[in-house]
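Understanding the architecture of this molecule
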Amino acid sequence: MSYKTIVVHCDQSPHAAGRYALASRVALATGAHLTGVALTGISRYAEWNDSLGAWPLPPHVLDHLRHQAAAALANFEREVAGAGVKLWSSNLYEDDAESGLLLHARYADLLVLSQTDPGEIQFGVSRPLPPELLLQGGRPLLLAPASTSAGSAADAIRHPLLAWDGSAQAARAFSDALPLLRLAQRVTLLVLNADRDPARHGKEPGADMALFLSRHGVQVDVMREFTTVEIGSALLCAAAERGCDLLVMGGYGHHRLHETLLGGATRSILREMTLPVLISH
């Protein structure tokens, strides 16, 4: 497996530059084509109102939203050109961010977003983007923490931490991360509290997954630890203690009516992440 197409969300968030830097780094390392996608926030289902002879929104609002999206793409183009990315394209679409990115995720190997910042309110986004795209997108997400700057992302992906809990979601995330794992200098596979669900792990927790990864050219150091700390916090602490620059994990959740319910560890990681996270559902 290799990444051929990476899509990155383009907007005018203060976190956008760090997101572009991380996406550029991964595209350069893997030789993938990087596509920047900006959305106007105007749903593609919005229709011309014949009785009023107008769009649902006033013309000056439509023009402003389109201008904002175009400006976001201009910033993306400047950042990726400066990073030395040769294979890239940029696209502006008339759609809300959630629906538009769900559509474009179908044609990508990896979707790069930023951690949702509760302090930001963006037009056209009814729910936080990462949870919705994680559960519905069908593709792995690479999330840049809100604290990431353009410079801090430049040397990423040297020592990933793999969060192994024996689940199908974690196994999928590891397979989705293989193009990055093969490039890493060191990979740590962490098993937490394996005794709580021995049926998932076998006699030697982590050994089967280590063997699987070795057959894909990835050698891992298996660490088995026990903790009473909430799992998401324990993973972030473990990553910080070992100097890891990527966390790879499975994501859990489901929909109940109009509500997105995430698992506890997934929710805390998305809220508190301090390093890039590659997550699959």
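Right, let's walk through the structure included here. Small disclaimer: the values here were computed from a predicted structure and weren't measured. (Residues numbered from 1 in each chain as written. Predicted model: local features only at pLDDT ≥ 70, side-chain atom pairs only at ≥ 80, totals over all residues. Heavy atoms only, no water.)

1. Things to note about the pairing of strand 12 (residues 277-280)
The alternating pattern of strand 12 places Val 277 and Ile 279 and Leu 278 and Ser 280 on opposite faces, both of which are buried. Of the strand pairs in this sheet, strand 5 (residues 141-144) and strand 12 are connected by three bridges, and their pairing is antiparallel. The residue of strand 12 that forms the bridge with Leu 141 is Ile 279. Taken together, the four bridges between strand 9 (residues 246-250) and strand 12 define a ladder with parallel strand orientation. Counted as the bridge partner of Val 248 is Leu 278 from strand 12. (Buried < 20%, exposed > 50% of the residue type's maximum accessible area, 1.4 Å probe, protein only. Helix = DSSP H or I, 4+ residues; strand = E, 2+ residues; numbered from the N terminus. Pairing = 2+ DSSP bridges.)

2. Let's talk about the packing of aromatic side chains
In this structure the tally under the stated criterion is three aromatic pairs. Summarising the aromatic geometry, the rings of Tyr 20 and Phe 76 are spaced 5.5 Å apart at their centres and angled 80° between planes, so their arrangement reads as edge-to-face. Placement of the pair is Tyr 20 in helix 1 (residues 16-30) and Phe 76 in helix 2 (residues 59-83), with a sequence separation of 56 residues. The exposure class assigned to Tyr 20 is buried, which follows from its relative accessible area of 1%. Considering the side-chain rings of Phe 76 and Trp 88, the 6.2 Å spacing of their centres and the 85° angle between planes classify their relative orientation as edge-to-face. Separated by twelve residues along the polypeptide, Phe 76 in helix 2 and Trp 88 in strand 3 (residues 88-93) bring together distant segments of the chain. Using a relative accessible area of 30% as the deciding quantity, one classes Trp 88 as partly exposed. Joined through ring pairs, the aromatic side chains of Tyr 20, Phe 76 and Trp 88 make up one cluster. (Phe/Tyr/Trp six-rings, centres within 6.5 Å; stacked < 30°, edge-to-face > 60°.)

3. Some remarks on the packing of helix 3 (residues 97-105) against helix 4 (residues 129-136)
Look at helix 3 against helix 4: their axes get within 10 Å of each other, and the N-to-C directions meet at 35°. The two elements helix 3 and helix 4 cross, and the hand of that crossing is right-handed. Contact residues: helix 3 offers Ala 97, Glu 98, Leu 101 and Leu 102, while helix 4 offers Leu 129, Glu 132, Leu 133 and Gln 136. When grouped by side-chain class, the residues that make up the contact of helix 3 with helix 4 number five nonpolar, one polar and two charged. (Axes fitted to C-alpha atoms, helices over the stretch in contact; angles between N-to-C directions. Left-handed = near helix turned anticlockwise from the far one by under 90°. Contact = heavy atoms within 4.5 Å. Nonpolar A, V, L, I, M, F, W, Y, C, P; charged D, E, K, R; others polar.)

Function cannot be inferred from these measures alone, as they are strictly geometric.
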